[in-house]
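Observations on the three-dimensional arrangement
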Amino acid sequence: MSVATRAGQPTPTMTNKPDPQLLFLLGINLVVLLAGAAVSRGAFIDPYNLQSMSAQLPELGLLAMGVMLAMCAGNGGIDLSGIALANLSGVLSALLVGQWVPFDEAPWLFTSAFIGVALAVGLLGGLFNGLLIARLGFTPILCTLGTQLLFTGLAVVLSAGASVRVGSAEPLMELGNGLLLGMPLNFLLFCAVALLLGMVLKFSPFGIRLMLMGTNPKAARYAGFAQTRLLLTTYALCGVLASLAGVLIASRNVNVKWDYGQSYLLIAILITVMAGVRPEGGYGRMTCLFLSTTALQLLSSMLNFVGLSNFFRDFAWGLLLLVFLAVSRYDLAALLRPGANRINPSAQLPPAPKRPS
Amino acid sequence: MKLTPSKACLIGAALTATFSGLNAQDKPTIATVVKISGIPWFNRMEVGVKEFAMANPTLNASQSGPATADAAQQLKIIDDLVARKVNALAVVPMDPAVIEGVLKRAMDRGIVVVTHEADNQKNTNANIEAFDNAAYGAALNERLAACMGKQGKWTSFVGSLGSRTHIQWVDAGAANAKKYAGMTLVDAKNESFDDANKTYEKAKEVLRKHPDIKGFQSSAGNDVIGIGRAIEEAGLAGKVCLVGTGLPNPSAKLLDSGAITAIGFWDPKDAGLAMNRAAKMLLDKQPLTNGVNLGVKGYEKVTVSKGPGAGLLLVGNAMVIADKATYKNYLF
């Protein structure tokens, strides 16, 4: 099994020209996989490591999906509260369900209650974000920065600052550590979510409207889109994705803590930008997001295999991001042809949309 | 940019060439994973790990750690090391609870796990503590008593009333001071929140309230800096005694001026060495029995007891109490 080649869903491209971002991401995945295999003399692509890497990436991938959705909505949309909400839903659910349902006597009830409560917390947190942004017109970056601190604070108070042990119910642990057909269950779940969300974005009226609104909010407004509802749905989805990440964290680590994954926030944004999601809104492909997540995971694991400093990893990610931005913005092949217009017109930014008043 | 196959091959070849020089050999590997890379404490630990690697050419020993203080990042590093199937892991956990899962996966895979500063870690073969907390607190207080001439008022500082080890230290100190009838504890357990400025203010208050105070015993790493500054500004350097946990480099100036009498700590270099030695002994199937000698200063006669999980709890006697004359041996 190769993580790199199992890209989410096949997305037909609009034009005949292949998407340069997709090619770039595929290339990076392949190169890192091959390089890793070469330097570790095969250990990098042995089944255990492929399983380990694919089991590591879902929590980050789900958070990146949330960021992508918020970005697609346009108007400076972003969700900074993802990991905080993931931790809050894990902590709250572990405390509540742990009190009422004995995990050893009713493991299935415990697992479903845990997942149910966590997703409900995520939904509520997401709706709260959505209400503040859509109804009160808060700027998304400031609003979600605020709610991030709020969610973190709540999780600290609820757990008294310590890590909370999740009852080790068999089905829940299986979700985090189990295998199906040689693939980690949490990775399969991640693939399923990616596929589903990718289809929704591509084919459902919600997805199409979301992209259109992101491209030009003013036009969307005059076209009579229910913008408030669209934004609410988007941020609620972000919240649910975050809490799903929280469930996966709990199922894998047995413990949840308010400060888990503080560094994920920026990495999730990095994944999103590397996937070619336009920060101004209106464009984002799930296939690219999937490949971008795997690329970052492969690179990070390879550097750990080689034993390079983790500061080098940050450096490599930054470099990758810059190269990527260059690839998506410029037609590098045209550099070689004198007199050609080097700026790729299709990637040029549209003028910044004004806020609807 | 079009990524043609030939270009991809070229990049691949370049990357391979870059990394193949760093390729690990087939020697048994002991990987040390610390809380954060690049801070003085763990840089000092790396000195110990390197020393171990030099002394054991038949083994690969190296240290890594996350670039940010995040348990999730440490978890990912350990995950990858487990996948790489290193032979032993020596971990200083950021948060013992968060890495229980991955350490269990490691042990299921036959990897030897040694931890440090995690006496509540369940999934470990052996957890090493540098010293017994009560013995450390008593030793700090004994040094203070010696400086005070076993006479006079003294007070104690803790990071916060919630930090378990700090309370253990000052309680053991108070118990030790009871031996001397002339020593009176006043306003015990001031909270410093490990903030040198807050400690400085607090210490000034204490000095005003008790002009005849003779000694301070402090706990958090920055306390000696704050209290030392207050003592120095009051012109009491050398007249009021101050003994507490601290690091040599930041405390150097105040130790020289006499505002700090002595600092207590454990040397991360020796802890790194001890973890790796213990891991090697476990790899060589040597038993860790009570009184075992890890061959590192302070860990020559280690107390071994059953830990909270299936593993062992090793407690050394590696406390260092350094003063003006001796701190230069431990500059970190």
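1. What to know about the overall build of chain B
When you go through chain B residue by residue, the secondary structure sums to 10 helices and 14 strands. Principal-axis analysis of the C-alpha atoms gives chain B an extent of 80 × 55 × 35 Å. Taken over 332 residues, chain B has a buried fraction of 51%.

2. Some details on the interface of chain A and chain B
The interface is formed by 40 residues belonging to chain A together with 38 residues belonging to chain B. Among the elements that make up the side of chain A that touches chain B, the one with the highest residue count is helix α1 (residues 20–39) of chain A (10 residues). Taken together, the residues of the side of chain A that touches chain B break down into 20 nonpolar, 16 polar and four charged.

3. Here's the deal with the domain arrangement of chain B
Its domain assignment divides chain B into domain 1 (25–124 + 268–316) and domain 2 (133–265). Look at where the C-alpha atoms of domain 1 of chain B and domain 2 of chain B centre, and you get two points 32 Å apart.

4. Concerning the pairing of strand β10 (residues 241–245) of chain B
All names here are of chain B. With five of five residues buried, β10 lies mostly within the body of the structure. As paired elements, strand β9 (residues 213–218) and β10 share four bridges and run parallel to each other. Residue Gly215 lies in a different strand from β10, and its bridge partner there is Cys241. Traced from β9 through helix α8 (residues 223–233) to β10, the parallel crossover comes out right-handed. Regarding topology, helix α9 (residues 248–257) serves as the crossover connection from β10 to the parallel strand β11 (residues 262–266), and that connection is right-handed.

5. A word on the sheet that holds strand β12 (residues 303–306) of chain B
Whether parallel or antiparallel, the strands of a sheet pair through hydrogen bonds between backbone atoms. Residue and element names in this part refer to chain B. Strands sit in the order β2-β1-β3-β4-β5-β13-β12 across an open sheet of seven strands; the sheet is mixed. Looking along the sheet, the strands with just one partner apiece sit at the ends: β2 (60–64) and β12. Neighbour-to-neighbour, the strand axes of the sheet open up by a mean angle of 20°, direction not taken into account. Alignment of strand β1 (residues 29–33) against β2, held across five bridges, turns out to be parallel. From the neighbouring strand, Thr32 faces β2, where its bridge partner is Gln63. Strands β1, β2 and β3 (88–91) of the sheet are contacted by helix α3 (residues 71–84), whose axis makes an angle of about 175° with β1. Packing against the sheet, helix α10 (residues 268–283) makes contact with β1, β2, β3, β4 (112–116), β5 (126–129) and β13 (312–315), and its axis sits at approximately 155° to β4.

6. Let's talk about the packing of helix α13 (residues 286–306) of chain A against α3(B)
Interaxial distance between α13(A) and α3(B) falls to 9 Å at its minimum, and their mutual angle equals 65°. Between α13(A) and α3(B) lies a crossing of right-handed hand. In this structure, α13(A) contributes A:Ser300, A:Ser301, A:Asn304 and A:Phe305 to the contact, and α3(B) contributes B:Lys76, B:Ile77, B:Asp80, B:Leu81 and B:Arg84. Class assignment for the residues of the contact of α13(A) with α3(B) results in three nonpolar, three polar and three charged.

7. Observations regarding α8(B)
All names here are of chain B. With respect to burial, α8 is a largely interior element, nine of its 11 residues being buried. Those residues of α8 that fall on the buried side of the exposure criterion are Asp223, Val224, Ile225, Gly226, Ile227, Gly228, Arg229, Ala230 and Ile231. Taken together, the buried residues of α8 touch β6 (152–158), α7 (196–209), β9, β10, α9 and β11.

8. Examining the environment of A:Tyr235
All names here are of chain A. Mapped onto the elements, Tyr235 comes out in helix α11 (residues 227–253). The class of Tyr235 is buried, set by 31 C-beta atoms lying within 10 Å. For the pair formed by Tyr235 and Ala113, sequence separation is 122 residues and the distance between their alpha carbons is 23 Å. Contacts of Tyr235, omitting those with residues within four sequence positions, involve Ala70, Asp79, Gly126, Asn129, Gly130 and Ile133.

Reading the values: rules and limits
Residues numbered from 1 in each chain as written. Chains lettered and ligands numbered in written order. Predicted model: local features only at pLDDT ≥ 70, side-chain atom pairs only at ≥ 80, totals over all residues. Helix = DSSP H or I, 4+ residues; strand = E, 2+ residues; numbered from the N terminus. Buried ≥ 20, exposed ≤ 12 C-beta atoms within 10 Å, placed from the backbone. Contact = placed C-beta atoms within 7 Å. Nonpolar A, V, L, I, M, F, W, Y, C, P; charged D, E, K, R; others polar. Domains from an automatic or database assignment. Pairing = 2+ DSSP bridges. Right-handed = clockwise from strand over helix to strand, strands pointing away. Axes fitted to C-alpha atoms, helices over the stretch in contact; angles between N-to-C directions. Left-handed = near helix turned anticlockwise from the far one by under 90°.

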